[in-house]
Every structure is written in structure tokens, then in C-alpha cells.
Amino acid sequence: MAKLIILEGTSRTGKTTIANYLKDNGYGRIISLKNKMPDDCDLTSFYKGTFMSYDAFFQAFPEETFILDRAFLSEMVYSAHFNSKRSITNDYIQEFIESHDIKLFHLWNKHEDYVKRKPKESFMYSISDYNEILQLFGKSLDICKKLDWTTINTSEYTINQSINIIKDNLWKK
């Protein structure tokens with residue numbers, strides 16, 4: 001059973017910075033999608049293939065710890081926000097949760113901090129869209145009842161404080 005540290009949440013909350021810190025300090029290996037989706041692939045198929053590939057990889061290395069900068073919750077949230085078909089079912093997610101030792105960290109911040117941190121996207125979410133995305137993350141966390149998860153408001157905590165919260169909630173090294 002692989003150990004997974006999953007950093008989920010809205011854009012510009014420090015997920016990548018925290019993932020890099022954890023990797024650099026020996027907490028696990030980062031699994032991240034570096035390449036963009038091919039032009040001839042639809043979004044649903046792309047994410048389903050990616051998720052299933054990751055899952056097979058985790059099962060092949062059951063003694064390893066992996067750090068994920070986004071995972072199934074983001075796919076659920078953004079497919080709902082953009083009214084697109086989800087690539088994975090709740091049953092598949094439950095099976096995934098039960099087959100791995102997962103520590104999930106939901107990072108979020110206030111819209112004004114999202115704006116200050118200059119989003120990577122080519123557009124910026126309006127406050128109403130951003131609030132809808134926050135609500136969708138909250139609803140999506142409901143399927144994670146069997147999962148050990150922690151919510152961190154990075155508008156209230158610095159990156160270093162957030163890292164310490166995460167380290168305090170991980171398995172002992």
C-alpha cells in the first residue's frame with residue numbers, strides 16, 4: 001500500500017511550493033503532470049488516463065511515499081465548475097482511497113490573496129466563480145469520509161506555518 005501525500009485546493013495556495021519542500025526534505029517523491037494535454041485528446045479521457053496511470057504506478061511501488069500536487073478532488077471540482085463530464089466515478093475514488101494510505105491536505109485562500117499571488121491561468125476567476133470553486137471543494141471532501149484530511153487556509157497561515165501543519169499531520173519519519 002503506497003503512502004500518498006495529496007495537496008489539493010484552489011490555485012495560488014502554495015501547493016507546488018509545499019510539494020517541493022516535502023520532496024527536498026525527504027518526505028517522498030513528487031508525481032506531477034509536466035506535459036500539457038495533447039491537442040487531439042479530450043479533457044475527460046486525458047484525466048482518466050492520467051489518474052489510472054498514477055494508480056498503477058502507486059500499486060507497483062507499494063513501499064514508497066508519493067507527493068501529489070492535485071489529484072481526484074480537483075478533477076471533480078473543475079469538471080463540475082465547467083459543466084464537463086467527470087473522468088472518474090465516486091466508486092473508483094472510494095476504491096482508490098481504500099487501496100492507499102493517504103494524507104490529504106486541502107489548501108485554500110481568500111479571493112483577494114489569490115489575486116495578489118497572480119494566478120498562472122490565462123484568466124482570473126471572479127470572486128463568485130472562486131467562491132463556487134471553494135464550495136465545490138467542500139462538497140467533494142464529503143466523499144472522503146474514510147480519509148485522513150486537513151484543511152489549511154493559506155490566507156491565515158504563511159507557507160512555513162502551513163508546512164509545519166502538514167509535517168505535524170504526516171506519518172512519523
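Keep in mind that what you see is a predicted model, and the values were worked out from it rather than measured.

Analysis parameters
Residues numbered from 1 in each chain as written. Predicted model: local features only at pLDDT ≥ 70, side-chain atom pairs only at ≥ 80, totals over all residues. Heavy atoms only, no water. Helix = DSSP H or I, 4+ residues; strand = E, 2+ residues; numbered from the N terminus. Rg over C-alpha atoms; globule rule 2.2 N^0.38 Å. Buried < 20%, exposed > 50% of the residue type's maximum accessible area, 1.4 Å probe, protein only. Core = buried A, V, L, I, M, F, W, Y, C linked by side-chain atoms within 4.5 Å. Contact = heavy atoms within 4.5 Å. Polar contact = N/O pair within 3.5 Å; in protein donor to acceptor, adjacent residues only side chain to side chain. Pairing = 2+ DSSP bridges. Axes fitted to C-alpha atoms, helices over the stretch in contact; angles between N-to-C directions. Parallel < 35°, antiparallel > 145°, perpendicular 65-115°, else oblique. Left-handed = near helix turned anticlockwise from the far one by under 90°. Arc of directions from axis to C-beta.

### Considerations on the overall build of the protein
A count of helices and strands for the protein gives 7 helices and 5 strands. At 16 Å, the protein has a C-alpha radius of gyration in line with the 16 Å of a compact globule built from 173 residues. A principal-axis box enclosing the C-alpha atoms of the protein has dimensions of 40 × 40 × 30 Å. Among the 173 residues that make up the protein, the fraction classed as buried is 45%.

### Remarks on the nonpolar core
Leu4, Phe58 and Phe72 are the most contacted members of the largest nonpolar core, which has 33 residues in total. Among the elements of the structure, strand 1 (3-9), helix 2 (43-60), strand 3 (65-69), helix 3 (72-81), helix 4 (90-98), strand 4 (101-108) and helix 6 (127-141) are those that each provide at least two residues to this core. The contacts of Phe72, once residues within four sequence positions are left out, are Ile6, Glu8, Phe51, Ile88, Ile93, Phe96, Ile97, Cys144 and Leu147. Of all hydrophobic cores here, the second largest spans 14 residues; its members include Leu7, Ile18, Phe105 and Ile166.

### Description of the side chain of His100
When you line up the elements, His100 lands in the loop between helix 4 and strand 4. You can call His100 buried: its relative accessible area is 5%. Looking at His100, its side chain comes within polar contact range of the side chain of Ser99, at 3.5 Å. When sequence neighbours within four positions are dropped, the list of residues in contact with His100 reads Met1, Ala2, Leu4, Asp55, Phe58 and Gln59.

### A few points about the sheet that holds strand 2 (residues 29-31)
Reading across from one edge, 2-3-1-4-5 is the order of the 5 strands in this open sheet, with parallel pairing throughout. This sheet does not close on itself; its edge strands, each paired only once, are strand 2 and strand 5 (148-153). The sheet shows a mean angle of 20 degrees between the axes of neighbouring strands, taken without regard to direction. As judged from the 5 bridges shared by strand 1 and strand 3, these two strands associate in the parallel manner.

### Description of the packing of helix 1 (residues 15-24) against helix 7 (residues 159-168)
Packed helices, taken two at a time, are described by the angle between their axes plus the distance between the axes. Helix 7 packs onto helix 1 with a crossing angle of 55 degrees between their chain directions and a minimal axis gap of 10 Å. When the axis of helix 1 is compared with that of helix 7, the two are oblique. In this structure, helix 1 meets helix 7 at a crossing whose hand is right-handed. Between helix 1 and helix 7, the residues in contact are Thr17, Ile18, Tyr21 and Leu22 and Ile159, Ser162, Ile163, Ile166 and Lys167, respectively.

### Section: helix 1
Taken together, the buried positions of helix 1 are Lys15, Ile18, Ala19 and Leu22. Along the long axis of helix 1, the arc covered by the buried residues comes to 100 degrees, so they all point the same way. Structurally, helix 1 contributes buried residues whose contacts are with strand 1, strand 2, strand 3, strand 4 and helix 7. Residue Gly26 follows helix 1 closely and has a positive phi angle near 80 degrees.

### A few points about unusual backbone geometry
Phi is mostly negative for residues that are not glycine, and the peptide bonds are mostly trans. At Arg12, a residue that is not glycine, the phi angle is positive and equals roughly 65 degrees. Given a relative accessible area of 28%, Arg12 falls into the partly exposed group. With phi around 85 degrees, Arg70 is a residue other than glycine that occupies positive phi space. Its relative accessible area of 25% is what places Arg70 among the partly exposed residues.

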